[in-house]
Amino acid sequence: MAVEAVVSVVIHTLTNLLTFEESKTFEAVRDEALKVLKELSRLNDAQQDQSNYELQFLGNVYRMGDAVESFSLSETYLRRGFVKKRGLLTGNEFKLCRDVAHELGYSVNISRLKSEMNRIIKEVQIWKDGNHGNASVQEQQQESGAFYAPKNEYIIFKKDVNKLMMLLISNRKVLQIISVFGDVGIGKAAHVKAVYGKLKDKFQCSALVVMDPNWSVSHLMMAILQKVGLKVEEELKDDVLRGKLHGFLKTKKYLIVISDINRRELLEDLRRALPDAYSGSRVVITTSNKEAASFADASNRYHLNYLEKEEGLNFFISKTRGRERIPFASDQDMEYLKNIIVESCHGTLVGIALLAGLLSTKGEIYEEWSKVFKQLEVATKSPSFDVLIFCYNDVPMHLKPCLLYLTLFRKESEIPVRRLYRLWLAEGFVKPSRRTIPEDIVEEYLEELVKRNMVEITKWRSDESIKKCRLIGALHDILLPVALEIGLFHLHQKSDEHSSATEEHRFGIRRVVEYTNIKNCFNIKDFKNIHSFISFNGRKKDIPAEEMRTFLKSITQGRGFGFLRVLDLEGVYRPRLPSNLGNLFHLRYLGLRWTFLDTLPSSLGGLLYLETLDIKHTRITTLPSSIWNMKHLHHLCLNGERLDISEQSAIHRGPSQLQTLWGLFVDEKIARKIGSTLMRMTNLRKLDITRQSSSTITTTTATTTTNTTSTTTTTYDLFGSWILSLVSLQSLRLRSKDKMGQPSVLIIKPLSRLENLSQLYLLGHLRESLSWYQIPPGLNVLTLSVSRLGEDPMPTLSRLPILMVLRLLAASYVGEEMHCPKNGFPSLRVLKLWKLEELKLLTVDEGAMQNLQTMEIRCCTNLKKLPLSLLSVESFENLILTNMPKEFVSAARSVTLKHTEIVENDF
């Protein structure tokens, strides 16, 4: 169970080095490396028991990985002629030796690496011989069908949920404390979170806190204070924290939900901080601890029991995406399935969901499912059987490090997939392929984990792509100790924590995850093989993280710093980066989003292997010119501000593998400097450019006046031709602004050549009718802002077959009438009309927009009424009216059907 996650990463590293850019460097050890790959790959046939010998073998696997990385790093030093010094790495550390000839150093390194590879081959063979009799049959990888992830969780305990909701919104003024009790995996948290999401807006302040098992009452009070928006210093004593929380809540109607309370004394301590001002406040706790559930001050208690057979089957069907996917037809077969579910899952929601996810990956064939059931029948006879572990063991080897990696995020926390994908890639978790780019592979990895019901989607984009996800809580509880035991990462959770090479770090510290300030740094010897540093310390937003510079400086100057692949400081307020940051030669990921940094070290240009640089939401205005020469750079996220780019940028060839270029500001001066460099970027998938021009549009409340001065078209033509050459482009955002930052004329060419374009955002005056721009038919999302279209865009846009989201924002259309023709917009789900101040009449023919779900109308003050044909659409669920005349709102309420909910906002 433990070995294969680490083995998978080593396999990917070796495969990548032998197949791609480092193949020449490793030519001398190719035979040995191929043997290592062959032997490690065969480990999948061995039984992985959590034993002392396994952990000993795991140490050997780590050393193999270190040896490969060390060799690669030393060769980097040699190729770059590092200050006339030679980097020799032996085992786990490297030494700087002066004036050693390249040939001698190379020969010594080759000899050592061959020796290490031969040793690991022997170790694997011994390991296999010792486990040959217990071959595992659970590691089966089947072709899966189309990806599907449900958006609405199936709620089983509807009666309990309804009772809880009624209690929370009752007229009783006295403080109510409700405990929801049930065994692990029964579904307590899922049901309570569903209630919280529906009712939190009915309270003046609300907080949902997921307990860490090791928290004290001070940690719990700090978490609640942070959730309600108060800044708290970590050093405060319990009495001070209690006073702050009590003082903040005593004048408010509040709702606090605490998930996974594990000790009654915590509740007793917390109770003194919860005022009862007879305002109708509510506190809900979930627990699997009987003593905590019987907390004396709990006014109501709910005990969630196991599912009955029929309920379990219904839930199982919902998690396998429908009964038609179950290869059982007869009543006898279905009764057998019910018994399997009861015996293996014990009526728990999590167990049933995971078993359904496992079977969803096996083809819809009776024989395939029967194989799994036979394994279950044997496994359930063991007193230590756990269906969660059974389902984890079935996960393919290459996905296990990705799954374990999710536990470094806080339990129940939402993870941006943008961040997760790029971290997985930088860590080397993705199996390399010549036919498929890594970004596509990593999406498939997440889809597989979602299909297995191990990861749930928590937030979707408007085009129904995934925005945020999280690991299910029950798996987090089980897998976090596993990830820590095998040394996948180390959690730094206390400001006074001091680490040394104890039993916990038997394999060395390779990844550090920081949740609080690192004031007392670790012994630097513990970091000789550090691969990643990820910080979630975003607690203080007004004090620069000075200690970060000390910590990073100690890493970059210490032995082994060259292994660092990930430095993720997203959300850390103004961390001070060391000047020698460029020494981290093998850094793949540098995440500085939301750090509000002003500058970057000039040595940044030395990070030639960098794949992701994210400085979005910072104040950085300069980048070294060498940024355009990073041939491995895939994702460059800028802050949308003007960059001071040197003249040298024009001589660079450009990062040919760049896929994301987001937030670039280009004026005439910058265009002349890097125009030719941009033209060489032909593999872009996501592009966001703000173009400065000399044309100005001035928009007033009633009329819009366009003041146009001379516009240089040469660079516009150049950029237009370049954009049309980006045949892989999927997302495009173009904005045109004048020197005062106001929208101006947007000059673009017809877009029909961009066949892969699915998302388009245009800001600026479009001087032609929309049909002239030949919008690609594959568009999913279209946003127009200040386009000043005089001709109705709806007849053109209605023909787009898969358009799901249409946003017509401020002054995008300046006409008085808008008409949606019959059968138009067959796939439209979301329609937003914002600040179309001239619009008076909207008509929708019968059969148009038949799949519309949400419509938002904002500040369209002259619009008289909604078309009845639109209101009759069965899928139309949400009508959001913001800053609309009272007469319009009243008229909408009088004709809206029951299945459509109206939300009125005033900003």
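Scroll up to find the structure this text is about.
Given the structure is predicted, the values throughout are model-derived calculations rather than measurements. (Residues numbered from 1 in each chain as written. Predicted model: local features only at pLDDT ≥ 70, side-chain atom pairs only at ≥ 80, totals over all residues. Heavy atoms only, no water.)

**Comments concerning the sheet that holds strand β10 (residues 466–471)**
For step 1, the next point in the chain: Read across the open sheet, the three strands follow the order β8-β10-β9; overall the sheet is antiparallel. The open sheet is flanked by β8 (415–416) and β9 (455–460), the only strands paired with a single partner.
For step 2, the next point in the chain: The pairing of β8 with β10 spans two bridges and is classified as antiparallel. The partner of P416 across the bridge, within β10, is K468. (Pairing = 2+ DSSP bridges. Helix = DSSP H or I, 4+ residues; strand = E, 2+ residues; numbered from the N terminus.)

**A look at the pairing of β9**
For step 1, the next point in the chain: Taken together, the five bridges between β9 and β10 define a ladder with antiparallel strand orientation. Each bridged residue has a counterpart across the sheet, and for I457 the counterpart in β10 is C469.

**Digging into the pairing of strand β5 (residues 254–261)**
Side chains on a regular strand alternate between the two faces of the sheet.
For step 1, the next point in the chain: The buried fraction of β5 amounts to seven of the eight residues, a majority that puts the element mostly inside the structure.
For step 2, the next point in the chain: Strand direction decides the pairing type here: strand β4 (residues 205–210) and β5, joined by six bridges, are parallel. What sits directly across from A207, in β5, is I256.
For step 3, the next point in the chain: As paired elements, β5 and strand β6 (residues 282–287) share six bridges and run parallel to each other. When the sheet's bridge partners are listed, I258 is paired in β6 with I285.
For step 4, the next point in the chain: Taking the sense of rotation as the criterion, the β-α-β connection linking β5, helix α9 (residues 264–271) and β6 turns out right-handed. (Buried < 20%, exposed > 50% of the residue type's maximum accessible area, 1.4 Å probe, protein only. Right-handed = clockwise from strand over helix to strand, strands pointing away.)

**A look at the side chain of S869**
For step 1, the next point in the chain: Take S869: it is sitting in helix α24 (residues 868–871).
For step 2, the next point in the chain: Taking relative accessible area as the criterion, S869 reaches 14% and is therefore assigned buried.
For step 3, the next point in the chain: In this structure S869 touches V844, D845 and E846, once residues within four positions along its chain are discounted. (Contact = heavy atoms within 4.5 Å.)

**Brief notes about a positive patch on the surface**
For step 1, the next point in the chain: A contiguous patch of positive charge, built from K459, R461, K467 and K686, is present on the exposed surface.
For step 2, the next point in the chain: For K467, the position within the fold is in strand β10.
For step 3, the next point in the chain: A relative accessible area of 34% means that K467 is categorised as partly exposed. (Patch = residues over 30% accessible without salt bridge, like charges linked within 9 Å, V, L, I, M, F, W, Y side chains within 5 Å. Areas by Shrake-Rupley, 256 points an atom, 1.4 Å probe, with all protein chains shown as cover. Salt bridge = Lys/Arg side-chain N within 4 Å of Asp/Glu carboxyl O. Lys, Arg positive; Asp, Glu negative; His and termini not counted. Charge placed at Lys NZ, Arg CZ, Asp CG, Glu CD.)

**Notes on the layout of surface pockets**
For step 1, the next point in the chain: Within this model, the second largest pocket holds a volume of roughly 1,600 Å³.
For step 2, the next point in the chain: Looking at the second largest pocket, it is lined by 44 residues, and the ones nearest its centre are R461, S465, K686, S731 and Q759.
For step 3, the next point in the chain: Among the residues forming the lining of the second largest pocket, the class breakdown is 15 nonpolar, 11 polar and 18 charged. (1 Å grid on protein atoms, 1.4 Å probe; cavity = no way out; pocket = protein on both sides within 12 Å on 5 of 7 lines; lining within 4 Å. Points joined across faces, edges and corners; volume = space filled by probe spheres on them. Nonpolar A, V, L, I, M, F, W, Y, C, P; charged D, E, K, R; others polar.)

**Description of the state of the cysteines**
For step 1, the next point in the chain: In the structure shown here, the tally under the stated rule is zero disulfides.
For step 2, the next point in the chain: C391 provides the cysteine sulfur closest to C345, a residue in no disulfide bond, and the two sulfurs are 7.1 Å apart. (Disulfide = S-S within 2.5 Å.)

**Considerations on unusual backbone geometry**
When glycine is set aside, most residues are seen to have a negative phi, and most peptide bonds are trans.
For step 1, the next point in the chain: Located in the positive-phi region is Q774, a residue other than glycine, with phi close to 50 degrees.
For step 2, the next point in the chain: Here Q774 is to be found in the loop between β23 (759–763) and β24 (781–785).

**So, helix α8 (residues 238–249)**
For step 1, the next point in the chain: Helix length check: α8 (12 residues) gives 16 Å between terminal C-alpha atoms against 16 Å at 1.5 Å per residue, within 8%.
For step 2, the next point in the chain: Every buried residue of α8 is accounted for by L241, R242, L245, F248 and L249. Angularly, the buried residues of α8 cover 140 degrees about the axis, an arc narrow enough to put them on a single face.
For step 3, the next point in the chain: Buried residues along α8 sit in contact with β4, α7 (217–227), β5 and α9. (Expected span 1.5 Å × (residues − 1). Arc of directions from axis to C-beta.)

**Some words on the pattern of salt bridges**
For step 1, the next point in the chain: Within the structure shown, the criterion is met by 33 salt bridges.
For step 2, the next point in the chain: Across the pair E668 and R691 runs a salt bridge, and its minimum N-O distance is 2.9 Å. Within this pair, whereas E668 is found in helix α21 (residues 668–679), its partner R691 is found in strand β19 (residues 686–692), the two being separated by 23 residues in sequence.
For step 3, the next point in the chain: Take R691: its relative accessible area is 4%, and that puts it in the buried class.
For step 4, the next point in the chain: Here K832 ties to E856 by a salt bridge, and the two come within 3.9 Å at their closest N and O atoms. Here E856 lies in strand β29 (residues 854–858) and K832 lies in strand β27 (residues 830–834), a separation of 24 residues in the sequence.
For step 5, the next point in the chain: K832 sits in the partly exposed class, given a relative accessible area of 22%.
For step 6, the next point in the chain: In this structure, a network of salt bridges that share partners links the residues R418, R419, D568, E570, R593 and D614.

**Thoughts on the packing of helix α11 (residues 309–319) against helix α13 (residues 349–360)**
For step 1, the next point in the chain: Two elements in contact, α11 and α13, have axes whose closest approach is 9 Å; the angle formed by their N-to-C orientations is 45 degrees. As judged from the angle between their axes, α11 and α13 are oblique. In terms of crossing hand, the pair formed by α11 and α13 is right-handed. Only L349, I352, A353, L355, A356, L359 and S360 of α13 make contact with α11, whose side of the interface consists of G312, F315, F316 and K319.
For step 2, the next point in the chain: Taken together, the residues of the contact of α11 with α13 break down into eight nonpolar, two polar and one charged. (Axes fitted to C-alpha atoms, helices over the stretch in contact; angles between N-to-C directions. Parallel < 35°, antiparallel > 145°, perpendicular 65-115°, else oblique. Left-handed = near helix turned anticlockwise from the far one by under 90°.)

**A word on empty space enclosed by the protein**
For step 1, the next point in the chain: Overall, the coordinates contain nine cavities of 30 Å³ or more when judged by the stated rule.
For step 2, the next point in the chain: Size it by volume and the largest cavity reaches roughly 140 Å³.
For step 3, the next point in the chain: Around the largest cavity, the lining is made up of 14 residues, and of these F719, I723, L734, I747 and I748 lie nearest the centre.
For step 4, the next point in the chain: Elements represented by at least two residues in the lining of the largest cavity include exactly β19, α22 (714–724) and β22 (731–737).

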